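Understanding the architecture of this molecule
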Amino acid sequence: MEKVIIQLGALTCPSCLQKIESAVSQKAGVKKVKVLFNASKVKAVIDPKAVSGKALADTIEKLGYEVQSIKVKED
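Below, the structure is looked at part by part. (Residues numbered from 1 in each chain as written. Predicted model: local features only at pLDDT ≥ 70, side-chain atom pairs only at ≥ 80, totals over all residues. Heavy atoms only, no water.)

Thoughts on the environment of K32
Test applied: Counting from the N terminus, the helices are DSSP H or I runs at least four residues long and the strands are E runs at least two residues long.
Looking at where K32 falls in the secondary structure, it is placed in strand β2 (residues 30-36). Each C-alpha atom, one on K32 and one on V67, is 19 Å from the other, the two residues being 35 residues apart in sequence.

Here is the structure:
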C-alpha cells in the first residue's frame with residue numbers, strides 16, 4: 001500500500017469535497033480517501049499495482065480542480 005497526498009488549489013465549497021471524494025473512491029485500487037477542506041488536500045491509501053498518485057491527480061483535474069503537488073509514501 002502507498003499513501004498519496006495531493007495538494008490542491010483552494011477549495012471553495014463543501015460540495016467540492018464530496019465530488020472529489022466520490023470520484024477518487026471509485027477508482028480501482030483506492031482503499032481509503034479523505035479530502036481535507038481547509039487544507040485543500042486529498043489523502044488516499046492506494047494499491048500501487050492498481051492505481052497511481054498521478055492517475056488520482058488526473059481524475060481530480062478532469063473535475064476542474066487545480067493539482068499543485070503529489071507526494072507518495074510507501075506504507
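What to know about helix α2 (residues 53-62)
Stated precisely, the cut-off is as follows: Categorising residues by exposure relies on relative accessible area from a 1.4 Å probe, with only protein chains included: less than 20% of the type maximum marks a residue as buried, more than 50% marks it as exposed, and the intermediate range marks it as partly exposed. Note that the arc is defined by the directions from the helix axis to the C-beta atoms. Throughout, a residue-residue contact means that at least one pair of heavy atoms, one from each residue, lies within 4.5 Å.
Within α2 the residues assigned to the buried category are G53, L56, A57, T59 and I60. What you see down the axis of α2 is that its buried residues fit within an arc of 155°, all on one side. The inward-facing, buried residues of α2 abut β1 (2-8), α1 (14-25), β2, β3 (41-46) and β4 (67-74). Directly after α2, the chain includes G64, whose backbone phi takes a positive value near 105°.

Side note on the pattern of salt bridges
Note the cut-off: The rule for a salt bridge is simple: a side-chain nitrogen of Lys or Arg has to be within 4 Å of a carboxyl oxygen of Asp or Glu.
Here the structure, examined in full by the defined rule, presents 1 salt bridge. Taking the shortest distance from any N to any O, the salt bridge between D58 and K54 comes out at 2.7 Å. One end of the pair, D58, and the other, K54, are both in helix α2, 4 residues apart, so they sit about a helical turn from each other.

Bear in mind that shape data such as this cannot, by itself, settle questions of function.
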